[in-house]
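Listed below, chain by chain, are the residues.
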Amino acid sequence: MGKESEYPLEIKWIDVKYNGNLEDAFQIRRNVFINEQNVPEEEEFDEADLESHHAVVYADGSPVATGRLFKSEKYWIIGRISVLKEHRGKQAGKLVVEKLLEKAAELGAKEVHIHAQTHASGFYGKFGFVAYGDTFPESGIEHISMVKRL
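In every chain, residue numbers begin from 1 and rise along the written sequence. Local features are withheld for residues below a pLDDT of 70 in this predicted model, meaning they are given only at 70 or higher, and side-chain atom pairs are given and counted only at 80 or more; totals for whole chains, interfaces and linings count all residues. To get the side-chain values, take all heavy atoms of the structure and skip hydrogens and water.

An unreviewed UniProt entry annotates the chain as GNAT family acetyltransferase YjcF of Methanosarcina mazei WWM610.

Turning next to the pairing of strand β7 (residues 141-149). Each regular strand carries side chains that alternate between the two faces of the sheet. Whether a residue is buried, partly exposed or exposed follows from its accessible area with a 1.4 Å probe, protein chains only, as a fraction of its type maximum: under 20%, in between, or over 50%, in that order. Only DSSP runs of H or I with at least four residues qualify as helices, and only runs of E with at least two residues qualify as strands; both kinds are numbered from the N terminus onward. Of all nine residues making up β7, seven are buried, and the element is well covered by its neighbours. Where strand β6 (residues 130-138) hands over to β7, the hairpin turn is made up of two residues, of which S139 adopts a positive phi near 55°. For two strands to be treated as a pair, DSSP must find at least two bridges joining them.

This paragraph deals with the pattern of salt bridges. Salt bridges are counted wherever a side-chain nitrogen of Lys or Arg sits within 4 Å of a carboxyl oxygen of Asp or Glu. For the structure on display, the rule yields eleven salt bridges. For E44, the salt bridge is made with R29, and the minimal N-O distance between the two is 2.6 Å. With E44 in helix α2 (residues 41-44) and R29 in helix α1 (residues 23-36), this pair connects stretches of sequence that are 15 residues apart. With relative accessibility at 1%, the residue R29 sits in the buried group. Sharing partners across several salt bridges, the network here consists of R29, E44, D46, D49, R68 and R80.

It is characteristic of soluble globular proteins that their nonpolar side chains tend to be buried jointly. Within this scheme, the nonpolar core is defined by two criteria: the residues are buried Ala, Val, Leu, Ile, Met, Phe, Trp, Tyr or Cys, and they are joined through side-chain atoms within 4.5 Å. Membership of the largest hydrophobic core comes to 28 residues, with the highest contact counts inside it found for I78, V112, I114, Y124 and F129. Elements supplying a minimum of two residues to this core: β2 (53-59), β3 (62-71), β4 (76-83), α3 (92-106), β5 (111-117) and β7. In terms of residue count, the dominant contributor to this core is α3 (seven residues). With 14 residues, the next largest nonpolar core counts I14, L22, F26 and F33 among its residues.

Each residue after the first adds 1.5 Å to the expected span of a helix. End to end, α1 covers 18 Å across 14 residues, agreeing with the expected 20 Å (1.5 Å per residue, within 8%). In the structure, α1 departs most strongly from a straight axis at R30, where the bend amounts to approximately 35°. Within the span of α1, buried status applies to A25, F26, I28, R29, V32, F33 and I34. Two residues form a contact once any of their heavy atoms are found within 4.5 Å. Contacts made by the buried residues of α1 are with α2, β2, β3, β4 and β5. Residue N38 follows α1 closely and has a positive phi angle near 60°. The seven residues ending at a residue and the seven starting there each receive a fitted axis; the angle between those axes is the bend at that residue.

A separate point is the pairing of β3. Burial analysis of β3 places eight of its ten residues in the buried class, the great majority of the element. As paired elements, β3 and β4 share six bridges and run antiparallel to each other. In the strand pairing of β4, T66 is matched with S82. Hairpin remark: β3 followed by β4, antiparallel, with four residues in the connecting loop.

Residue placement: R68 occurs in strand β3. A relative accessible area of 3% means that R68 is categorised as buried. Within the local environment of R68, its side chain forms a polar contact with the side chain of D49, the two groups lying 2.7 Å apart. In this structure R68 touches R29, D46, A48, D49, S52, H53, H54, I77, I78, G79, R80 and L100, once residues within four positions along its chain are discounted. The definition of a polar contact used here is a pair of N or O atoms within 3.5 Å, where within protein one atom must be able to donate a hydrogen and the other to accept one, and adjacent residues in sequence count solely through side-chain atom pairs.

Spelled out as structure tokens, the structure:
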């Protein structure tokens, strides 16, 4: 899928349960969702952060992209996929999604769901996610539910 990154990317896993520090992931999410997309801070950070496997991509030692994976009562969910504006189109988002899907498979997930911003549904479609249901607003941004069977 797409071209290779123009710079080396490194991924790190952060798990709060094992003393992980989420500041790098939160910094990216603050920049993308709160500052850029005007999502209220109280809606961006939630209790799922404490139960999630967080992936953070670094370029030259700086955090540039993140996402999380957690299990709800019904199924596995990936979300909060975010890439700093100046690093979009450089494969960091692709790496986050690939690694989150790999982690879900390792953990025994049979399918993974995502609430995708509608403008990004084509991006997730390239990974095999399929849209279902109607679009809906989440934090003032139009979303669509998508699922990928593993």
